[in-house]
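# Fold and geometry: a report
Below are the chains, spelled out letter by letter.
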Amino acid sequence: MNIALVEYGAGNLPSVERALARLDVESRRASTPEALADCDALILPGVGHFGALMRSLTQRSLVKPLRDAVSAGVPLLGICLGLQAMFAASDEAPGDTGLSLFPQNVSALPATGRLPHMGWNQLRRVRHSKLLEGVPADAYFYFAHSYAALDAGNAGVALCDHSASFIAVLEQGSVFATQFHPEKSGSVGAQVLSNFVRQAGGKG
Amino acid sequence: MSLAHRIIPCLDTDGERVVKGVNFVNLRDAGDPAELAARYNIEGADELVVLDIAASRDHRPTFLETIRRVAGQLAIPLTAGGGVANVDEGRAILRAGADKLTVNTVAIHNPELLTALAAEFGSQAVVLAIDAKRVGDHWEAFVRGGSVPTGIDAVAWAHQGVDCGAGEILITSMDKDGTRSGFDCALTAAISKAVNVPVIASGGADAPETFLEVFGEGRADAALAASIFHDRVQGLGELKQFLAQHGVSVRQTG
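Just so we're clear, the structure is a prediction, and the values are computed from it rather than from any experiment.

Cut-offs used in this document
Residues numbered from 1 in each chain as written. Chains lettered and ligands numbered in written order. Predicted model: local features only at pLDDT ≥ 70, side-chain atom pairs only at ≥ 80, totals over all residues. Helix = DSSP H or I, 4+ residues; strand = E, 2+ residues; numbered from the N terminus. Rg over C-alpha atoms; globule rule 2.2 N^0.38 Å. Buried ≥ 20, exposed ≤ 12 C-beta atoms within 10 Å, placed from the backbone. Contact = placed C-beta atoms within 7 Å. Pairing = 2+ DSSP bridges. pLDDT = per-residue confidence, 0-100.

## Notes on the overall build of chain A
Within chain A, the regular secondary structure consists of 6 helices and 13 strands. Radius of gyration (C-alpha) of chain A: 15 Å, near the 17 Å computed for a compact globule of 204 residues. Counting the 204 residues in chain A, one finds 57% classified as buried. The long-range fraction of contacts in chain A, counting pairs at least 24 apart against all pairs at least 6 apart in sequence, stands at 69%.

This is the structure in structure tokens:
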């Protein structure tokens, strides 16, 4: 099992590494196109700014290799900003282009609730989810964000409500993503990571 | 389905060991931060705060090592701070394993620091910590571990801090801190009404009823406490059970 964490300067990469290590899953960091091309599964962690993330991926020439890996069916898990990066664009960085695995845009959450949406919230499942297998229906996950994808067609498998209804878990083929941080979500978060590793062919 | 109210144990450290005292003085040793972190992670803490209350430059490498040790024990978010004066120091703390930074003294003299930190790491990583004390009919912000008055109104400062980029407010009542006489609900509610970011109440935690008050009357999104948890006066599981029974949304584990 060869899981690569895309390294482009994201702050939560060590947390994801630690969370995988707790599952006895080895991972390595990949910061070059060559390193991305040679793995069984990819994780795109993320905190911070959509524009900064996309510029960083572009500078490292990682945008095309990431898209190619997805086309080749390599399982990809996006976390938080890593989910948002899968879309075409974001209100957070008008003019910057995302990975465009999904044609929709990421929106600013309306300021009707407190922002950032920060803390533990529950999910509303709308379709069968592989990532959420074995996770209790009322489980809480840790969120920290002000932007969210409100629509991803049939790829949105679980939603969360805060100011608006937004996509909390996204699954389409070998593409997976969570708006919450599984690496910070205690035992249920560990279950989500473990489910991804199993999808990717590991023992999870 | 709604956002859970968070319960946050706080580890005040001298950079290396957990310490505790009343109203920021008479500090004494209260244990190893990584051991306490491991315990709180298991017992259902929603987040952990670790502060370097000495915040001396000489001890910074020691504190960073403490953050690494604490982060290694956690599958929940970690907030760290104490003396953060610039973006590079903030980056060092986040790289050591914290998810969020607290900023206090420096920001009040240099609010642009909040803007710079938010631009670099995102508002969700920037927590403005305010130590406030009742003075006449309002609350005044104090700095340097609560020892120096600023003449600045705490509520106005919270509002300004959010405008500058803070994504969360940690409001500590110096009148209540260490007294176990309940949170300052009036102060917390005043801050909560003034800003649209989450507000963490701190200072005065005691029986479960005091948490119920601060989540109700005090309008807090999260409540922070130290000694009642360190001394096992209050268990996290029992506290959350009490809150759930009284209609407060909390995340219960196990």
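## A look at the overall build of chain B
The secondary structure content of chain B amounts to 10 helices and 12 strands. In terms of overall size, chain B behaves like a compact globule, its C-alpha atoms giving a radius of gyration of 16 Å where 254 residues would be expected to give roughly 18 Å. Evaluated residue by residue, chain B yields a buried proportion of 54% over its 254 residues. Counting only contacts in chain B whose residues sit at least 6 apart along the sequence, the fraction spanning at least 24 positions is 65%.

## Things to note about the pairing of strand β12 (residues 222-225) of chain B
Residue and element names in this part refer to chain B. Burial of the side chains of β12 extends over both faces: Ala222 and Leu224 are buried on one face and Ala223 and Ala225 on the other. As paired strands, strand β1 (residues 6-13) and β12 are joined by 4 bridges and run parallel to one another. Each residue of the ladder has a partner; that of Arg6, found in β12, is Ala222. Direction of pairing for strand β11 (residues 199-202) relative to β12: parallel, over a ladder of 3 bridges.

## What about the pairing of strand β1 (residues 3-6) of chain A?
Residue and element names in this part refer to chain A. Residues Ile3 and Leu5 line one face of β1 and the alternating positions Ala4 and Val6 line the opposite face, and both faces are buried. Two elements, β1 and strand β3 (residues 41-44), share 3 bridges in a ladder whose sense is parallel. Among the inter-strand pairings, Ile3 is bridged to a residue of β3, identified as Ala41. In the sheet, β1 pairs with strand β2 (residues 27-30) via 4 bridges, with the strands oriented parallel. Looking across to β2, one finds that Leu5 is bridged to Arg29.

## Examining the environment of B:Asp221
Examined against the element boundaries, B:Asp221 turns out to sit in the loop between α8 (208-215) and β12. Considering only alpha carbons, one finds B:Asp221 and B:Ile7, 214 residues apart in sequence, at a separation of 9.2 Å. Those residues within four positions of B:Asp221 in sequence are excluded, and the remaining contacts are A:Arg114, A:Gly119, B:His5, B:Arg6, B:Pro198, B:Val199 and B:Ile200.

## A short note on the interface of chain A and chain B
With 29 residues of chain A at the contact, the number on the chain B side is 26 residues. Those elements giving two or more residues to the side of chain A that touches chain B turn out to be α1 (13-22), β7 (117-122), β9 (140-145), β11 (156-162) and α6 (186-199) of chain A. No other element matches β7(A), which puts 5 residues into the side of chain A that touches chain B.

## A word on the confidence of the model for chain B
Residues at a pLDDT of 70 or more form 96% of chain B, whose mean pLDDT is 93. Note on the complex model: pTM 0.96, ipTM 0.95.

## As for unusual backbone geometry
Residue and element names in this part refer to chain A. Each neighbour pair has its own omega, and for Leu115 with Pro116 the value is 0°, a cis peptide bond. By the secondary structure assignment, Pro116 is in the loop between β6 (105-108) and β7. We note that Ser61 has phi near 55°; this positive angle belongs to a residue other than glycine. Position of Ser61 relative to the elements: it lies in the loop between α3 (50-59) and α4 (63-71). In this model, Ser100 sits at a positive phi of 60°, which is unusual for a non-glycine residue. For Ser100, the location among the structural elements is in the loop between β5 (89-90) and β6. Residue Ser100 is classed as partly exposed on the basis of its C-beta count, with 14 C-beta atoms lying within 10 Å.

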